[in-house]
Every structure is written in C-alpha cells, then in structure tokens.
Amino acid sequence: MSKVCVFFGTGYEEIEALTVVDILRRQGIDTEMVSITGEKTVVGSHHIPVVMDCLIEMVDFNEVDMIVLPGGLAGTRNLESCELLMEQVDAFAASGKAVCAICAAPSILGHRGILKGKKAIAYPGFEDQLKDAVITYEPAVRDGNIITGRGMGCSIPFALAIIEYLSGQKAADEMAAKIVYSR
C-alpha cells in the first residue's frame, strides 16, 4: 500500500490540503497529515486549526512514497523554510519518488531546480517562480514523478491526479464518480 504525507505549515490553504487528505483516505491510501511547526495543531490561512497525525520529526521517510505540499502564501513560505522537509523534497525528486505541490507551493519546486524541462503549473502570477518548467494551464498536471496543481478550485483534479498516479486511471475515474465530480 502507498503511503502519502501531506505537510502543513502555519498559513496553509485549508481546502487544498484537506481535500487531498479526504479524497486519498476515501481511496484507502494511507495518508498522514504532518506538522512542520513542532505543534500537533496547525492553523491555516483562514484561521482554521487542524490537528495533525504527527510531527515531521516522527516521519520515517523510507516508508513514504509521496510528499504533498499544499499552498497558501504563508504556508508555502513556511514549508520552504523547513530544512528537514526541503532535504526530503530534494531526495524524493532526485530518486524518482513522487513530489506534489499545489497553488503557491510549486514555486518551491521551481526554486529548487526540480521542474527543469517538466510540465508544471502554479497559482496565477507564480508561473515565473517555476524555473525552467514548461508552463501549462491545466487544473493539475503530472510530468513523471511531479504533480502540480493550479489553486484551491483545482484541489479535486489535483487529488484525482494523485490517485491516478498511485492507483491508476480507473481508480481515479471511479473516485470522481463517487464524489460526483465531472472530469
């Protein structure tokens, strides 16, 4: 079974983060909400506190198949300033393990040189932060082991792209039907 960790920093975009967690758990994918703050409760960009499953220091990254970085401007900045997380993002990308980011968070991948020659998207106005990427304007796009999403309104297509990556097209289509989402 695949294991996914969704990382939360103060100021994360609630819908982007929680939609992914919800849809992946509905699919039966082992999905953990991980705090980078040192506290189990993390407050989002719209002041909604959410209790995490664990702290980043507790994660055994050898058991993780995918890293997910939700957006939110402050949340993205906080994720990018977490050295332990950035070491893992680099290691995952280099080894071919999946790294996913939505909204402002794909800028992290651009800053780290991970998007060179890859199709990617980010929140409108952040395209210039996707260094050396091939910019697309799809709600969510996958290129190899990298999945990026455009913004909050694209949270469902982003989550379905993750399911497609982990469980196949049929599973993603079935989940879309279950949640009454037209692909």
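Here is what the cut-offs are and how they apply
Residues numbered from 1 in each chain as written. Predicted model: local features only at pLDDT ≥ 70, side-chain atom pairs only at ≥ 80, totals over all residues. Heavy atoms only, no water. Core = buried A, V, L, I, M, F, W, Y, C linked by side-chain atoms within 4.5 Å. Buried < 20%, exposed > 50% of the residue type's maximum accessible area, 1.4 Å probe, protein only. Helix = DSSP H or I, 4+ residues; strand = E, 2+ residues; numbered from the N terminus. Contact = heavy atoms within 4.5 Å. Pairing = 2+ DSSP bridges. Arc of directions from axis to C-beta. Salt bridge = Lys/Arg side-chain N within 4 Å of Asp/Glu carboxyl O.

Colleague: Which residues make up the nonpolar core, and what are the values?
Modeller: Core analysis: the largest hydrophobic core is formed by 32 residues, its most contacted members being Phe8, Val20, Val68, Phe158, Ile162 and Ile163. Going through the elements one at a time, strand S1 (3-8), helix H1 (14-26), strand S6 (66-69), strand S7 (98-102), helix H5 (155-167) and helix H6 (169-178) are the ones with two or more residues in this core. Considering each element in turn, this core owes the most residues, six residues, to H5. Aside from chain neighbours lying at most four places away, what touches Phe8 is Ala17, Leu18, Val21, Met33, Val34, Ser35, Ile36, Thr37, Val42, Met52 and Leu79.

Colleague: Give a detailed account of the pairing of S6, specifying residues and quantitative values.
Modeller: The side-chain alternation of S6 yields two buried faces, one formed by Met66 and Val68 and the other by Ile67 and Leu69. Two strands pair when backbone bridges link them, and S1 and S6 are joined in this way by three bridges, in the parallel orientation. In the sheet register, Cys5 faces S6, and the bridge partner there is Ile67. Two elements, S6 and S7, share four bridges in a ladder whose sense is parallel. Bridge assignment links Leu69 to a residue of S7, and that residue is Ala101.

Colleague: Just give me the short version of the sheet that holds strand S10 (residues 140-143), but keep the residues and values in it.
Modeller: As summarised here, the arrangement of the seven strands in space is S5-S2-S1-S6-S7-S11-S10, forming an open sheet in which the pairing is mixed. Of all the strands in the sheet, just strand S5 (54-55) and S10 have a single pairing partner and so form its edges.

Colleague: If you had to explain helix H2 (residues 73-80) to someone new, which residues and values would you point to?
Modeller: Taken together, the buried positions of H2 are occupied by Gly75, Thr76 and Leu79. The arc that holds the buried residues of H2, viewed along the axis, is 100°, so those residues lie on one side.

Colleague: Give me the pattern of salt bridges: which residues, what numbers.
Modeller: Across all of its chains, the model carries seven salt bridges by this definition. The closest approach of N and O atoms between Lys3 and Glu32, which form a salt bridge, is 3.4 Å. With a gap of 29 residues between them, Lys3 in strand S1 and Glu32 in strand S2 (residues 30-35) connect regions that are remote in the sequence. By relative accessible area, Lys3 is classed as buried at 13%. Between Asp22 and Arg26 there is a salt bridge, with its nearest N and O atoms 2.4 Å apart. With Asp22 and Arg26 both in helix H1 and four residues apart, the pair spans about one turn of that helix. Residue Asp22 is classed as partly exposed on the basis of its relative accessible area, which comes to 35%. When salt bridges with common partners are traced through the structure, they connect Glu164, Asp173 and Arg183 into a single cluster.

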